[in-house]
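Understanding the architecture of this molecule
Each chain, letter by letter, is given below.
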Amino acid sequence: MTRFFRHLNGWLFALALLLAAAALGFLATRYDRVADWTFGGRASLSMESRAVLATLKGPVDIVSYANPQGDLRNTVASFMERYQRVKPDLTLRFVDPQQDPAAMRELGITVDGALILHYQGREQRLDELSERSLTNALERLARGGERIVAFVSGDGERRPNDKGNADLGMFVSQLEGRGMRAVPLNFAQVTAVPQHTDLVVLASPELALPEGAVKALTDYLANGGNLLWLSEPTNDDLHLEPLANTLGIRLLPGVLVDGQGAALGLKDPRMLALGDYPKHAITRGFTLTTLFPQASALALAARTDWQVAPFLRSSAQSWTEFKPIANEQASTIAYDASAGELKGPLDFGFALSRLSPSPDKAEQRVVVIGDGDFLSNTFLGNGGNRALGERVFDWLLGDDALVQLPPRGAPDRMLQISQAQLSSVTLGFLIVLPLLLLLAGGWIAWRRRRA
């Protein structure tokens, strides 16, 4: 009898175990629980993607033209799950491109797995499956169409479509991927800023602007237009005083130099490295280091109806240097108050806003920065230069919710060791560890023979 109950208990335990496993399987099909244990949530959507999804009020329909053979559909579906967890009304459906080749040619589908995103009557096409490309496409949908950004040209300004060291081609190509379209604006060909221009960029002119060009820019501001003005340290008269007076600011003479740059390994004192920023919507939550090669300080010259807020500021060890600095030899400059040089901290980036004179807009915005090199092809990849530039453009275009946050990364993605340490690790893995394993195996075999 005791033996019977022992067997019965065993069968009951096995049955209970099977029922528990079945219950867990049933619950797993009804409820979904996902946990991301990676550092900073790298396996989840970035804060930027979440911010873009938050701006999309209403359902988003994504159609994937993927072949049912293979694992491509599973790959697309698993990738979209991250977006659907944040935005449940984002739907995904698949279409077999082989069923109607004529329709695929009409739609322009040439890549297996191509996506078409639909939102409020607008659509975006996507041939690449990555968070960056998909979030950019969603951002373009959120903007409601392309934003026209006009770059003043004809007087030695930085060119938005060239790959020269001083030009802005790399940065502008990234802006175009985020729903902005760069167009040239040459006042030798037009007398005013064209209508439907969302932003005008005056990027470091080298020659004096004609009187008509300056008047067109001041009229554009008077009518409520948004402006980004990138200036440079120069003693030349570029005829931009009327523009500065309209904004109530002044470009201070000299070039900003910073004594703390040597501690950061910067040999040129004109290189300004910033890691701390005044509080503003552009710099909120921004912690990346930015590098400004040559900057001029700015100051308020008069009280206007503009609300002016600095968002770029040099350190207390900086000053406005009047003497020339040679690149080929060590600098011996020093602060000279008797010469009229100004001691830092000094502002070199202003964000201006006011109630828009145009009835079509609520607010008018202007940004003036005393340096344009930080967005050039040469320096764009330094630290957070690109991220800061995108934040400036997003703020100027009124897309506050799309102000880009820096990407997250793990602190252990790069291992820095000396050559001696690398040799020790190599010796340990290739020689010491195999010898230890051989000794352990021999000792175990010896013990077994004695037993």
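In what follows, the structure referred to is the one given above.
Residues numbered from 1 in each chain as written. Predicted model: local features only at pLDDT ≥ 70, side-chain atom pairs only at ≥ 80, totals over all residues. Heavy atoms only, no water.

Time to look at the nonpolar core. Counting residues in hydrophobic clusters, the biggest one holds 39 residues, and the most contacted among them are Leu312, Val367 and Phe393. The element that contributes the greatest number of residues to this core is helix H9 (residues 385-396), accounting for six residues. Contacts of Val367, omitting those with residues within four sequence positions, involve Leu227, Leu228, Trp229, Ile282, Phe311, Phe350, Ala351, Val392, Trp395 and Leu396. With 30 residues, the next largest nonpolar core counts Ala216, Trp229, Leu240 and Val366 among its residues. (Core = buried A, V, L, I, M, F, W, Y, C linked by side-chain atoms within 4.5 Å. Buried < 20%, exposed > 50% of the residue type's maximum accessible area, 1.4 Å probe, protein only. Helix = DSSP H or I, 4+ residues; strand = E, 2+ residues; numbered from the N terminus. Contact = heavy atoms within 4.5 Å.)

Applying the stated criterion across every chain yields a total of six aromatic pairs. Taking 4.9 Å as the distance between ring centres and 45° as the angle between the ring planes, the aromatic pair formed by Phe292 and Phe374 counts as tilted. One end of the pair, Phe292, is in strand S12 (residues 290-292); the other, Phe374, is in the loop between strand S17 (363-369) and H9, with 82 residues separating them in the sequence. Using a relative accessible area of 0% as the deciding quantity, one classes Phe292 as buried. Joined through ring pairs, the aromatic side chains of Phe292, Phe348 and Phe374 make up one cluster. The aromatic ring of Tyr335 is capped on one face by Lys343, whose charged end is 5.3 Å from the ring centroid. (Phe/Tyr/Trp six-rings, centres within 6.5 Å; stacked < 30°, edge-to-face > 60°. Lys NZ or Arg CZ within 6 Å of the ring centre and 35° of its normal.)

Time to look at the sheet that holds strand S2 (residues 90-94). In sheet architecture, strand pairing relies on hydrogen bonds along the backbone and comes in two forms, parallel and antiparallel. Spatially, S2-S1-S3-S4 is the arrangement adopted by the four strands of the open sheet, whose pairing is mixed. One side of each edge strand has no neighbouring strand; the edge strands of this open sheet are S2 and strand S4 (122-126). For this sheet the average axis-to-axis angle between neighbouring strands, irrespective of direction, equals 20°. Where strand S3 (residues 114-119) meets S4, five bridges bridge the pair, whose relative direction is antiparallel. (Pairing = 2+ DSSP bridges. Axes fitted to C-alpha atoms, helices over the stretch in contact; angles between N-to-C directions.)

Just distances and angles here, no functional claims.
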